[in-house]
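Coordinates in review
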Amino acid sequence: MDREDATDPYQDYFGTGVLGGLGGGLRTYAVLESKPYKIELDLNDWFRFDLPGHYRLYLKSHRLTRERVTGESGERTAQFAAVSDMIDIEILAEDADWRLAKLNEIRAVLDQAEPEQATPGAPPVPHGPLSQKIALVRRELRYLGSLGAVQLSFEDARKTGNGPDALLLVGARDRPQMLGAFDRYLADSQVGVGEWDIRVRALFTLLQKDAPKPLPIFMWQFPNDMQKLLAVVEARQERFQEIVREEAIGLIAVVSGKDAVARQISAEAIASLVPDAAKAAGLIPPDDDGLSREELIAHFLEFAADRQSALLGEKWDLVRGPEMIPSLRAVIGTAKSNTLPNGAMPLQVWGLGGGIAESALRRLNELSPEEAARIVRSDVASGKPRFASFAVREFPAQNIPEADDSLSALLKTDLRIALPLVAKFGTVRLASQIRERYAEQSWPCAEEESFVSYFVRTVPGEGKNGGGQVLQQAMANRERRGCYRWLLNRVASVVWNRAVQAQASATLDDSDPEAAVSAAQVLAAHGDASVEPLLWKRLERWSERWQRPGYGARSPPCHRCT
């Protein structure tokens, strides 16, 4: 920009380094060809025009690559910066009538009923014209930045319960007026104050008290001494967390005046930041709810499910001990066995499936591993396992001969569910059936990981049908598929033996960098002492390559990333 009176409205958000900034973002780098490539940007995200007049600007973008020309050394593509033509714009004098009309136009859109939102696990909801219109007017509200826009944003936040737009607040033209409105919003009896609201308010306190110098946002702004910059960032984060706690404690006084729903939301947010102060103020009950350890254990089975879940989770230390085993057995006994997860993902991803019975089994495994192992082994052999997720994710891989028949039957009815269990617990008796199913087709990565893990675990030899040979062939199968890049990690999570170590050692020199990284990771985590020289040699070669001039030059991060 050719003038200095057009300010960056969001510098205080991205440049402080406490809410956003110092980071790249997920984005693509297009390879230019004959067809134009469009990158859409809103000028108001970069400049706020407070004064009328003539402005000239141009854009320089680093989000492009090009094919290297014949004879040019280096990787297949090269990054470069493209520069736009000069752009001339004229900012007119502020028009109060236009501003009021615009606010009314935005209010009319926001007053409409919000379109239905998709819920987790449900079919997707089409993103219709109204959704797009609401998103547009909220962005326009941010760009207006007037007190009226701030107040309308708070009205919208009350309606949706999503909290105010942080960028609108940061970019508001009159910060003292905005802060007054923000504090009134936080004190509103019907507003549930969220943790993010407290952090945003703490940002303005940090700016008022410390006036911190903006940190680098672009890669080319970074100093040579990155350690010094990181030390500044760490110190600023510590200072910010201190202010966040002060803000949370300061809001305790207004919580009592809120209605029931807003009070609960606000209390939970404050407790997440300053739990001791929240307990002292009576916003949340003490961890033990005023009961002794003996009373908590004695009445555990009488508590509501959420209270039981808390005692088996973050409050486990209040009841931890062998006295809890009878209650854990009782909760485990309530698990239903009539349904299996819908697909293999809940078996392998933390946070899916489970429930309070699984939590009880996990705690029993801490207190009495032998008893928990008996329960899991019997459960896997039952044909309708209640704890399949726990077994696949957390129980050590081992042969469970008594489960072979039920696993064989499950392979015929639901292969996706059966494979992760077979990979960890099936014996060599199932090898013919597994080999026959594996040969049927080229399987998706998730299924192939289980097939390969099974063979490596039960038939680890290097022969024609050995697990080592199966793993080697799977790693070599790269035609239009990328399973090989993480296959070693997935197999190693099930079994580690000489076959896996040999393949990982060979993959250290793979031409694909992701496969080589995966090999280094599994060797570092599981390998024996013999792999240390291999890792050193690979590290030396990597270092030598990165020391070549121009190799591995980093591209600048995007400016607006949180």
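Use the structure listed above.
Residues numbered from 1 in each chain as written. Predicted model: local features only at pLDDT ≥ 70, side-chain atom pairs only at ≥ 80, totals over all residues. Heavy atoms only, no water.

Within the chain one finds 26 helices and seven strands. Of all 562 residues assigned to the chain, the portion counted as buried reaches 39%. Taking as baseline every contact in the chain between residues at least 6 positions apart, the subset at least 24 positions apart corresponds to 68%. With the model as given, the accessible surface of the chain reaches about 31,100 Å², and the carbon-plus-sulfur share is 52%. (Helix = DSSP H or I, 4+ residues; strand = E, 2+ residues; numbered from the N terminus. Buried < 20%, exposed > 50% of the residue type's maximum accessible area, 1.4 Å probe, protein only. Contact = heavy atoms within 4.5 Å. Areas by Shrake-Rupley, 256 points an atom, 1.4 Å probe, with all protein chains shown as cover.)

Moving on to the packing of helix H2 (residues 96–110) against helix H4 (residues 147–160). Contact pair H2 / H4: the axes reach a minimum separation of 11 Å and the direction vectors enclose 5°. Of the possible angle classes, the one that applies to H2 and H4 is roughly parallel. Contacts between H2 and H4 involve Leu103, Ile106, Arg107 and Leu110 from the former and Gly148, Ala149, Leu152, Glu155, Asp156 and Lys159 from the latter. (Axes fitted to C-alpha atoms, helices over the stretch in contact; angles between N-to-C directions. Parallel < 35°, antiparallel > 145°, perpendicular 65-115°, else oblique.)

The next subject is the sheet that holds strand E2 (residues 30–31). Spatially, three strands are ordered E2-E5-E6 in an open sheet, and the strand pairing comes out mixed. Because the sheet does not close on itself, it has two edges, and the strands there are E2 and strand E6 (77–83). Summarising the sheet, strand E5 (residues 60–67) and E6 pair through six bridges and their orientation is antiparallel. Within E6, the position partnered with Ser61 by the bridge is Ala82. (Pairing = 2+ DSSP bridges.)

On to a nonpolar patch on the surface, then. Where nonpolar side chains cluster on the molecular surface, the patch consists of Tyr58, Val83 and Met86 and spans about 310 Å² of accessible area. With a relative accessible area of 42%, Met86 lands in the partly exposed category. (Patch = residues over 30% accessible without salt bridge, like charges linked within 9 Å, V, L, I, M, F, W, Y side chains within 5 Å. Salt bridge = Lys/Arg side-chain N within 4 Å of Asp/Glu carboxyl O.)

Further remarks concern the packing of helix H22 (residues 467–476) against helix H23 (residues 484–492). It is at 8 Å that the axes of H22 and H23 come closest, and there the two elements cross at 150°. Viewed along their axes, H22 and H23 adopt a mutual orientation that is roughly antiparallel. Seen along the crossing, H22 lies across H23 with a hand that is right-handed. The residues of H23 that touch H22, namely those facing Leu471, Ala474 and Met475, are Tyr484, Leu487, Leu488 and Val491. Broken down by class, the residue content of the contact of H22 with H23 amounts to seven nonpolar, no polar and no charged. (Left-handed = near helix turned anticlockwise from the far one by under 90°. Nonpolar A, V, L, I, M, F, W, Y, C, P; charged D, E, K, R; others polar.)

Residues of helix H13 (residues 325–333) that are buried include every one of Ile325, Ser327, Leu328, Val331 and Ile332, and no others. Looking straight down H13, one finds that the buried residues subtend no more than 160° of arc, so they occupy a single side. The inward-facing, buried residues of H13 contact helix H11 (293–298), helix H12 (305–312), helix H15 (356–367) and helix H16 (369–381). (Arc of directions from axis to C-beta.)

With that settled, the discussion passes to the side chain of Ser518. On the secondary structure map, Ser518 appears in helix H25 (residues 513–526). In contact with Ser518, not counting residues within four places along its chain, are Arg485, Trp486, Leu488 and Asn489.

Bringing the pairing of E5 into the picture now. Pairing geometry for E2 and E5, over two bridges, is parallel. Residue Val31 lies in a different strand from E5, and its bridge partner there is Thr65.

Under the definition given, this model contains 37 salt bridges. A salt bridge links Asp12 to Arg175; its shortest N-O distance comes to 2.8 Å. Remark: Arg175 occurs in helix H6 (residues 175–187) and Asp12 occurs in helix H1 (residues 11–14); sequence separation between them is 163 residues. With relative accessibility at 23%, the residue Arg175 sits in the partly exposed group. Put simply, Asp317, Arg320, Arg363 and Glu366 are held in one network by salt bridges that share partners.

In this fold, Ser131 is placed in helix H3 (residues 129–144). For the pair formed by Ser131 and Glu114, sequence separation is 17 residues and the distance between their alpha carbons is 7.6 Å.

What follows concerns the packing of aromatic side chains. Counted according to the given criterion, the structure contains eleven aromatic pairs. When the ring of Tyr13 is compared with that of Phe14, the centres are 5.0 Å apart and the planes differ by 70°; the resulting orientation is edge-to-face. Here Tyr13 falls in the buried class, since its relative accessible area comes to 5%. For Phe14, a relative accessible area of 3% translates into the label buried. (Phe/Tyr/Trp six-rings, centres within 6.5 Å; stacked < 30°, edge-to-face > 60°.)

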